[in-house]
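Chains, contacts and geometry: an overview
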Amino acid sequence: MPEAANSKVDALDRKILSALMSDGRITWSRLASQVGLSGPSVTDRVKKLEKAGVLEGYTARVEPEAVGYGLLAFVSVGVWDPGQHEQLMKWARSTPEVQEFHIIAGEYDYLLKIRCRDSGHLERLLRKDVRAVAGVLRTNSTIVMATKKETSAVPLKDAEPE
């Protein structure tokens, strides 16, 4: 069991996490001021959250269209042999266009979030790569016309311990 599953996240930790999700570049002193702690205390708490696996890292958010990746698609993948999923997972992990890879319940086995330059780029990925994986039976693509909300922030307000 991951250490994160064993760690207790209290209200102060949730305040820290919320502030970091809003601004991952916040200074230690500003973060400390926002949550009502000293600089060293907030630093210790953040380090503990990192060590416990609760805080996984820090990234920059990039506007996909600004760098030529304006097409967003969700691709459902059905396999005839679930034992072959390692090859699909290996491909997904090594393909930068695949932003998310989920094992799902329902009609399909996997759901991929893919960013591409255009529909031709998506078609090439699906034909050349996904459908070429042993065990892949079918795919179903949903093209996103417009995104009105997208976030990696985890809701913390309702995450009170039971």
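As shown above, the structure is provided for reference.
So, a few notes on the structure that sits alongside this text. (Residues numbered from 1 in each chain as written. Predicted model: local features only at pLDDT ≥ 70, side-chain atom pairs only at ≥ 80, totals over all residues. Heavy atoms only, no water.)

Below, the discussion takes up the overall build of the protein. Secondary structure summary: the protein contains six helices and four strands in total. Taken from the N to the C terminus, the helices and strands of the protein come in the order α-α-α-α-β-α-β-β-α-β. Taken against the 2.2 N^0.38 rule, which gives 15 Å for 162 residues, the C-alpha radius of gyration of the protein at 20 Å runs more than 25% over that of a compact globule. Along the first, second and third principal axes, the C-alpha set of the protein runs to 55 × 40 × 25 Å. Classification of the 162 residues of the protein by burial places 31% in the buried group. Relative to all contacts within the protein whose residues are 6 or more apart in sequence, the contacts with residues 24 or more apart total 66%. If you sum the accessible surface of the protein, you get close to 11,100 Å²; carbon and sulfur atoms cover 51% of it. Distance from the positive charge centre (23 side chains) to the negative charge centre (22 side chains) of the protein: 4 Å. (Helix = DSSP H or I, 4+ residues; strand = E, 2+ residues; numbered from the N terminus. Rg over C-alpha atoms; globule rule 2.2 N^0.38 Å. Buried < 20%, exposed > 50% of the residue type's maximum accessible area, 1.4 Å probe, protein only. Contact = heavy atoms within 4.5 Å. Areas by Shrake-Rupley, 256 points an atom, 1.4 Å probe, with all protein chains shown as cover. Lys, Arg positive; Asp, Glu negative; His and termini not counted. Charge placed at Lys NZ, Arg CZ, Asp CG, Glu CD.)

Here we come to the nonpolar core. Judged by nonpolar contacts, the single largest core of 19 residues is most densely connected at Val75, Val77, Trp91, Leu112, Ile114 and Leu122. Of all the elements in the fold, those that place two or more residues in this core are strand E1 (71-79), helix H5 (85-94), strand E3 (110-116) and helix H6 (119-130). Sorting elements by how many residues they give to this core places E1 first, with five residues. (Core = buried A, V, L, I, M, F, W, Y, C linked by side-chain atoms within 4.5 Å.)

One way to put it is that helix H2 (residues 11-22) packs onto helix H4 (residues 39-51) with a least axis distance of 11 Å and a crossing angle of 85°. Taken together, the axes of H2 and H4 are roughly perpendicular relative to one another. Residues Leu12, Asp13, Ile16, Leu17 and Leu20 of H2 form the contact with H4, whose own contacting residues are Val42, Arg45, Val46 and Leu49. Taken together, the residues of the contact of H2 with H4 sort by class into seven nonpolar, no polar and two charged. (Axes fitted to C-alpha atoms, helices over the stretch in contact; angles between N-to-C directions. Parallel < 35°, antiparallel > 145°, perpendicular 65-115°, else oblique. Nonpolar A, V, L, I, M, F, W, Y, C, P; charged D, E, K, R; others polar.)

For the rest of this paragraph, the subject is the packing of aromatic side chains. The geometry of an aromatic ring pair comes down to the distance between the two centres and the angle between the two planes. Under the counting rule described, the total for this entry stands at one aromatic pair. The ring of Tyr108 is capped by Arg138, whose NZ or CZ atom sits 4.4 Å from the centre of that ring. (Phe/Tyr/Trp six-rings, centres within 6.5 Å; stacked < 30°, edge-to-face > 60°. Lys NZ or Arg CZ within 6 Å of the ring centre and 35° of its normal.)

All right, on to the sheet that holds strand E4 (residues 136-143) then. On the basis of which strands lie adjacent, the open sheet formed by four strands has the order E2-E3-E1-E4 and antiparallel pairing. Strands at the two margins of the open sheet, each flanked by one partner only, are strand E2 (98-103) and E4. When strand polarity is set aside, the average angle formed by the axes of neighbouring strands in this sheet is 20°. Of the strand pairs in this sheet, E1 and E4 are connected by seven bridges, and their pairing is antiparallel. Residue pairing across strands places Val77 opposite Thr139, the latter belonging to E4. Packing against the sheet, H5 makes contact with E1, E2 and E3, and its axis sits at approximately 155° to E2. The strands that H6 touches are E1, E3 and E4; relative to E1, the one it contacts most, it runs at about 20°. (Pairing = 2+ DSSP bridges.)

Of the positions making up H5, those classed as buried are Leu88, Met89, Trp91 and Ala92. Buried residues in H5, looked at end-on, bunch into an arc of 160°, giving them a common side. Of the exposed residues in H5, the ones pointing more than 90 degrees away from its buried face are Lys90, Arg93 and Ser94. Buried residues along H5 sit against E1, E2, E3 and H6. (Arc of directions from axis to C-beta.)

Burial of E3 is extensive: six of the seven residues sit out of reach of the surface. Here seven bridges tie E1 to E3, and the two strands are oriented antiparallel to one another. Following the sheet pairing, Ser76 is matched in E3 by Leu111. The turn linking E2 back onto E3 is made up of six residues, and Gly106 within it adopts a positive phi angle of 125°.

Of all the positions in H6, only Gly120, His121, Leu122, Leu125, Leu126, Asp129 and Val130 are classed as buried. Elements that come into contact with the buried residues of H6 comprise E1, H5, E3 and E4. Among the residues of H6, the N-terminal cap falls to Asp118, whose side-chain oxygen and the backbone nitrogen of Gly120 are separated by 3.1 Å. (Polar contact = N/O pair within 3.5 Å; in protein donor to acceptor, adjacent residues only side chain to side chain.)

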